[in-house]
Amino acid sequence: MNKQDLTIEKWDVFELQLKGPDTGNPFKDVALSCEFSFQNRTLIPDGFFDGNGVYKVRFMPDQEGEWRFRTISNIPALHDVQGNFLCTPAQAGNHGPVGVSNTYHFSYADGTPHFSFGTTCYAWVHQPIAMQAQTLETLKSGPFNKIRMCVFPKDYTYNKNEPELYPFKRAGEQNIDLERFSPAFFQHFEHQVGVLRDVGIEADIIIFHPYDRWGHSRMNAETDDRYLRYLVARLAAYRNVWWSMANEFDFLPAKNMTDWDRFFRILMEADPYHHLRGIHNGAQRYGHEKPWITHVSLQTGDLYSGMQQRELFHKPVVFDEVCYEGNIPEPWGNISARELVHRFWAGTIVGCYVGHGETYLHPEDLLWWAKGGVLRGESAPRIAFLRHILESGPIDGLTPLGNQWVDWNRLAGKEGEYYLLYFGVHAPAKWNTLQLPANSQFKIEIIDTWEMTILPVEGVFEGNVTFDLPGKPYMAVRVQKIS
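Residues numbered from 1 in each chain as written. Predicted model: local features only at pLDDT ≥ 70, side-chain atom pairs only at ≥ 80, totals over all residues. Heavy atoms only, no water.

**Considering the side chain of His 216**
Okay, so step 1: Position of His 216 relative to the elements: it lies in the loop between strand S16 (202-208) and helix H4 (221-235).
Okay, so step 2: Under the relative-accessibility criterion, His 216 is labelled buried at 3%. (Helix = DSSP H or I, 4+ residues; strand = E, 2+ residues; numbered from the N terminus. Buried < 20%, exposed > 50% of the residue type's maximum accessible area, 1.4 Å probe, protein only.)

**Some details on the pairing of strand S17 (residues 241-246)**
Okay, so step 1: Most of S17 is tucked away, with six of its six residues classed as buried.
Okay, so step 2: Pairing geometry for S16 and S17, over five bridges, is parallel. Within S17, the residue paired with Ile 205 across the bridge is Trp 243.
Okay, so step 3: With two bridges joining them, S17 and strand S18 (residues 277-278) adopt parallel strand pairing. Bridging from a neighbouring strand, Ser 244 pairs with Gly 278 of S18.
Okay, so step 4: You can see the chain leave S17, run along helix H5 (residues 257-270) and come back into S18, and the turn it takes is right-handed. (Pairing = 2+ DSSP bridges. Right-handed = clockwise from strand over helix to strand, strands pointing away.)

**Looking at the packing of aromatic side chains**
What describes a pair of aromatic rings is the distance from one ring centre to the other and the angle between the planes of the rings.
Okay, so step 1: Under the criterion given, the structure shown has 43 aromatic pairs.
Okay, so step 2: Each ring, one from Phe 249 and one from Trp 260, has its centre 6.0 Å from the other, and the planes form 90°; the classification is edge-to-face. Residue Phe 249 is found in the loop between S17 and H5, and its partner Trp 260 is found in helix H5; the two are separated by eleven residues along the sequence.
Okay, so step 3: A residue is classified by how much of its surface remains accessible, and Trp 260, at 1% relative accessible area, is buried.
Okay, so step 4: Following the ring pairs from residue to residue traces out a cluster consisting of Phe 27, Phe 48, Phe 49, Tyr 55, Phe 168, Phe 181, Phe 185, Phe 186, Phe 189 and Tyr 230.
Okay, so step 5: For Arg 310, the ring lying beneath its charged end belongs to Tyr 104, and the centroid distance is 3.9 Å.
Okay, so step 6: Of note, Arg 382 hangs over the ring of Trp 450, and the distance from its end group to the ring centre comes to 3.8 Å. (Phe/Tyr/Trp six-rings, centres within 6.5 Å; stacked < 30°, edge-to-face > 60°. Lys NZ or Arg CZ within 6 Å of the ring centre and 35° of its normal.)

**Some thoughts on the nonpolar core**
Okay, so step 1: Counting residues in hydrophobic clusters, the biggest one holds 75 residues, and the most contacted among them are Phe 208, Tyr 227, Trp 243 and Trp 260.
Okay, so step 2: Once residues lying within four places of it in the same chain are set aside, the contact partners of Trp 260 are Phe 208, Met 245, Ala 246, Phe 249, Leu 252, Lys 255, Ile 279 and Tyr 286. (Core = buried A, V, L, I, M, F, W, Y, C linked by side-chain atoms within 4.5 Å. Contact = heavy atoms within 4.5 Å.)

**As for the pairing of strand S29 (residues 453-456)**
Okay, so step 1: In terms of strand pairing, strand S28 (residues 442-448) meets S29 through four bridges, oriented antiparallel. Each residue of the ladder has a partner; that of Glu 445, found in S29, is Pro 456.

**A few points about the side chain of His 114**
Okay, so step 1: Assignment of secondary structure puts His 114 in strand S11 (residues 113-114).
Okay, so step 2: Judged by relative accessible area, which is 1%, His 114 ranks as buried.
Okay, so step 3: Those residues in contact with His 114, other than ones at most four positions away along the chain, are Val 98, Phe 106, Ser 107, Tyr 108, Asn 145, Glu 202 and Trp 242.

**Let's talk about the environment of Phe 144**
Okay, so step 1: Along the polypeptide, Phe 144 turns up in the loop between helix H2 (129-140) and strand S13 (146-150).
Okay, so step 2: With 42 residues separating them in the primary sequence, Phe 144 and Phe 186 have C-alpha atoms 24 Å apart.
Okay, so step 3: Discounting residues that sit within four places of it in the chain, Phe 144 has contacts with Phe 117, Gly 118, Thr 119, Ile 201, His 356, Leu 375, Ala 380, Ile 383 and Arg 387.

As structure tokens, then:
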């Protein structure tokens, strides 16, 4: 190792690179792992073959100070390699991996709240390099801090092009070697995950999906398990990784519930950092009560059901797919921007999180939801407006606060301190059913969720409150304690 490799920032990637055999099938024949120890604590991530006789082990240190390491392998040249490195404090912008916080919410490892505002670009890493760069530029200036993205290429409407790289070695369209991974593909994939990390975006990595013409959805159990372990070995050390076991898991006929349970057990065993773990549904929902599920990932347009999902599973709820803003013929891809913004607010006000997607027709089938590129809709700036409201609030996450005066699905916040009301399709001209605590003073602001304006209501308020409203739909009210 070079000298600069011996100092690693907290929650960054330490990489140990070794030379070993390049004969036979190193993906199957060589076992490699590494013990990383800090004081009396030890973590053991797996290593992986990266092609051309190169073997790597990656590790994400989470404590400052001196770490020691020792490799374990069935190959003498790779076994019992020892060393140490110094873990230094995290720098600005590095908050560590995201985990569950306060039962229903998320925060980074350093305690900074994470309000999830995700988007979907299933196959963006399988597009031409220029378009991938365009996608990254769009993300850098956009409102999203999470992106759902597939490892395997996708075969579906509006997404028929061949990728330039494939996850497995191949010689021609029909000659795929499922026993040998393509290091070039994974090197590129993890590079893009690293770019997302560096701009503050979580990579919600979809491990399996049904939309396939290459055979990835029909691999046997041995290949599935080897692929899963290889993927985790390569990517788990990236702090911005979330694991989504599948997109529409129930649409993969070659897999059953026993398979999905086995995958999650492997994931828990192989990932020493215990990144967030979820699974996305089609028509049938997975058992989110299972201990390996960290958060509920849902495809549904019933946003107000989020409160029931929270109480049923006592986990964060993320509506990763609520239909897409667009104009394609398929009904899931032609809701208006106003409706998508409404769904963001409706899901947020019941203490959950909502994901974005965009599907506008394009002569070259360049739809954001599938391929990335640029955003053409009107919802993104309004989603950014909502994100700003949440991130500028005094609390780590909204709690539903309905009572006899206000419906459960309209009011959230923190009792006695902060309230956020969302009226949705209702358009009252006056509000007289909000009861604030006595002997405290509050300020009130009226929010137009579409025009993105915040209008203060004149005065200071306590107790039973009455104030005028614009009489328009999709308005919200923010109430904050000032003394």
